[in-house]
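Below, each chain spelled out in residue letters.
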Amino acid sequence: MPKHPLIAGNWKMHGLRDAIPEALAMDTAARQSRASVAIFPPSTLLFALSEALNARPGPSPVRLGGQDCHKDAQGAFTGDLSAEMLKDAGAEMVILGHSERRHGHKEACESVAAKTLAALRAGLEPIICIGETLDQRQEGLTHAVLSKQLRDSLPLALEGQTFHVAYEPVWAIGTGHVPTDDQVIDAMLLIQKHLAQRFHNQVVPHTLYGGSVKPDNARHLLSLDGVDGLLVGGASLKAEDFNRIIAAAD
């Protein structure tokens, strides 16, 4: 199991340049924590945030990442960003297969796998997201859905590489609803068993939980078997909230 929890803040489509002080306050908290901390701002802020963090005394422990990338390095793809572009702007990581991409943009697992290869090509560390909808859970398909997403979204090229997997039940994202402890543990252990078998115990990814993570439930979620970190949405936008989640990892 990874030594330090990974606390990742996904800003989604939020954040202008006036949000930079919030990130700097998060950097201050991260310097006092044993947790690994990453922020995934909109791509328009990547370079500015990288410059601001690098301007602080001493190296920043906060890593920056993109929220998605294209599978190709370049081309006639209006509005898309390659993994290489994210890297050039200061990213070290990238989120792939987030439920809002899978369901809102109809991204297939095969597309997520291709983007994962692109991330590795560019030297980015991917967080690959999986999760079931409410209908799928109610129909008893949770294990089948998660297993298929793991099998089809994670290319074998990940063996020996550094990557992470985030479980985000679609029905819990932004709704305020959190699965029961048993539901979270069940999903996490399924993920860890799959990774151990698929990659022959040659990789030890963080397995993150994401879905209505708040300062008040972060410590409890991190105490559950198999939860090595958290993928935080709305609560990562304000340093006051995100810093309490970072502190929960201690």
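Everything below is about the structure shown above.
In short, a report on the structure. (Residues numbered from 1 in each chain as written. Predicted model: local features only at pLDDT ≥ 70, side-chain atom pairs only at ≥ 80, totals over all residues. Heavy atoms only, no water.)

## Structural notes on the pairing of strand S1 (residues 6–10)
The side chains of a regular strand alternate between the sheet's two faces. The test is simple: Exposure classes here rest on a 1.4 Å probe applied to the protein chains alone. A residue is buried below 20% of its type maximum, exposed above 50%, and partly exposed in between. Strands here mean DSSP runs of E at least two residues long; helices mean DSSP runs of H or I at least four residues long; both are numbered from the N terminus. Strand pairing is assigned whenever DSSP identifies at least 2 bridges connecting the two strands. With strands facing away from the observer, any crossover in which the path from the first strand over the helix to the second runs clockwise is taken as right-handed.
Burial within S1 is extensive, with 5 of its 5 residues counted as buried. The two faces of S1 match: Leu6, Ala8 and Asn10 on one face and Ile7 and Gly9 on the other face are all buried. Judged from the 5 bridges that link them, S1 and strand S2 (residues 36–40) form a sheet pairing that is parallel. Residue alanine 8 lies in a different strand from S2, and its bridge partner there is alanine 38. On the question of chirality, the crossover connecting S1 to the parallel S2 by way of helix H1 (residues 20–30) is right-handed.

## Examining the environment of glycine 140
Summarising the element assignment, glycine 140 is placed in the loop between helix H6 (134–138) and helix H7 (142–153). Its relative accessible area of 61% is what places glycine 140 among the exposed residues.

## A short note on the sheet that holds strand S8 (residues 229–232)
Definition in use: Only the stretch in contact is used when fitting a helix axis, every axis being a line fitted to C-alpha atoms; angles between N-to-C directions are given from 0 to 180 degrees. In what follows, a contact means two residues having at least one pair of non-hydrogen atoms within 4.5 Å.
Taken together, the 8 strands give a closed barrel; going around it, the order is S1-S2-S3-S4-S5-S6-S7-S8, and neighbouring strands pair in parallel fashion. Ignoring strand direction, the axes of neighbouring strands in this sheet form an average angle of 25 degrees. Bridge analysis of strand S6 (residues 164–167) against strand S7 (residues 207–210) gives 3 bridges, and the strand direction is parallel. Across the sheet, residue alanine 166 finds its bridge partner in S7, namely leucine 208. Helix-sheet contacts for helix H10 (residues 239–248) involve S1, S2 and S8, and the interaxial angle to S1 is about 160 degrees.

## Some details on the pattern of salt bridges
Test applied: One speaks of a salt bridge when a side-chain nitrogen belonging to Lys or Arg is within 4 Å of a carboxyl oxygen belonging to Asp or Glu.
For the structure shown, the criterion picks out 16 salt bridges. With its nearest N and O atoms 2.9 Å apart, the salt bridge here joins lysine 148 to aspartate 152. In this pair, lysine 148 and aspartate 152 are both assigned in helix H7, 4 residues apart and thus about one turn of the helix distant. Where aspartate 152 meets arginine 151, a salt bridge forms, and the shortest distance between an N and an O atom there is 3.5 Å.

## Some remarks on the pairing of S6
Here S6 shows two buried faces, one formed by His164 and Ala166 and the other by Val165 and Tyr167. Pairing of strand S5 (residues 125–130) with S6, which is carried by 4 bridges, proceeds in the parallel orientation. By the bridge assignment, isoleucine 130 is partnered in S6 with tyrosine 167.

## Regarding H1
What counts here: Along the arc lie the directions from the helix axis toward the C-beta atoms.
When we look at burial in H1, the residues that qualify are Ile20, Ala23, Met26, Asp27, Ala29 and Ala30. The arc that holds the buried residues of H1, viewed along the axis, is 170 degrees, so those residues lie on one side. In this fold, the buried residues of H1 make contact with S2, helix H2 (43–54), strand S3 (62–66) and H10.

## A word on the environment of serine 111
Tracing the sequence through the fold places serine 111 in helix H5 (residues 109–122). Given the relative accessible area of 29%, serine 111 is considered partly exposed. Serine 111 sits 42 residues away from serine 153 along the chain, and the two C-alpha atoms are 7.7 Å apart.

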